[in-house]
Amino acid sequence: MSAIAVALFVAIVPGAAAPAAAAAEPRQDRPLPGTYCGAWREAQGRLTSVEVRPCLDVQPDGWAYVQIENRNNTWLDGDVWRPASRTYPAHWTVDGRVEKGLTTVMFFEIPRVSQPRDNGKATAQQSAPVTCGPHTVEYHFHQNGPGYYDPDLDIDLPKVTVPIAIPCSGAAPR
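Residues numbered from 1 in each chain as written. Predicted model: local features only at pLDDT ≥ 70, side-chain atom pairs only at ≥ 80, totals over all residues. Heavy atoms only, no water.

Draft legend 1. Spotlight on the overall build of the protein chain. Within the protein chain, the secondary structure is distributed over 2 helices and 10 strands. Secondary structure of the protein chain in N-to-C order comes out as α-α-β-β-β-β-β-β-β-β-β-β. Across the 174 residues of the protein chain, 40% fall into the buried class. Of the contacts made within the protein chain by residues no fewer than 6 positions apart, 62% connect residues no fewer than 24 positions apart. About 9,800 Å² of surface is accessible on the protein chain, with carbon and sulfur atoms providing 55% of the total. (Helix = DSSP H or I, 4+ residues; strand = E, 2+ residues; numbered from the N terminus. Buried < 20%, exposed > 50% of the residue type's maximum accessible area, 1.4 Å probe, protein only. Contact = heavy atoms within 4.5 Å. Areas by Shrake-Rupley, 256 points an atom, 1.4 Å probe, with all protein chains shown as cover.)

Draft legend 2. Spotlight on the nonpolar core. Counting 29 residues, the largest nonpolar core has Val 66, Trp 92, Val 94, Phe 108, Ile 110, Tyr 139 and Phe 141 as its most contacted members. Contributing elements (two or more residues each) for this core: strand E3 (48-58), strand E4 (63-77), strand E6 (90-100), strand E7 (103-115), strand E8 (120-129), strand E9 (133-144) and strand E10 (155-166). Ranked by the residues each element gives to this core, the list is headed by E10, at 6 residues. (Core = buried A, V, L, I, M, F, W, Y, C linked by side-chain atoms within 4.5 Å.)

Draft legend 3. Here's a closer look at the packing of aromatic side chains. If you walk through the whole model with that rule in mind, you get 3 aromatic pairs. On the numbers, 4.8 Å between centres and 50 degrees between planes, the contact of Trp 75 with Tyr 88 is tilted. In this pair, Trp 75 sits in strand E4 while Tyr 88 sits in the loop between strand E5 (80-83) and E6, placing the two residues 13 residues apart along the sequence. An angle of 35 degrees between the planes, with centres 5.6 Å apart, marks the rings of Trp 92 and Phe 141 as tilted. (Phe/Tyr/Trp six-rings, centres within 6.5 Å; stacked < 30°, edge-to-face > 60°.)

Now the structure itself:
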């Protein structure tokens, strides 16, 4: 049935509605919910090491949160690399922004995280609506410890820009 025929049918027949298939067509520009991550980046202090990556956690309503994941969070004890632990936790912060093209989608911050193991993650409280397609996450990661808590030994990763693609919920990505 053509759109004009449906409109005439709905106008003429009381209580009639358009076919459900026409109303239920998925929008192809909506982001597919899920967690999408960038590449791991190794960060070194003089006596500490960690790998870091940003992720975008896209909710069913199309809003996204930034997550920062890390792994292999270690410190050099003599000649042995030891993982972060309850006795020697890592303390880290992150701030940055998410962009799509030349538009800033959101600024975010993860305040001090105390991490008592060699891997972990934290989620920024800020969120923003996103669309599907390519995004970039620019972030600054700073860590104190594990094992050494002298500011001269901190890991201070300069601003890093990482691409993250968010797929579309429909068949045709943009």
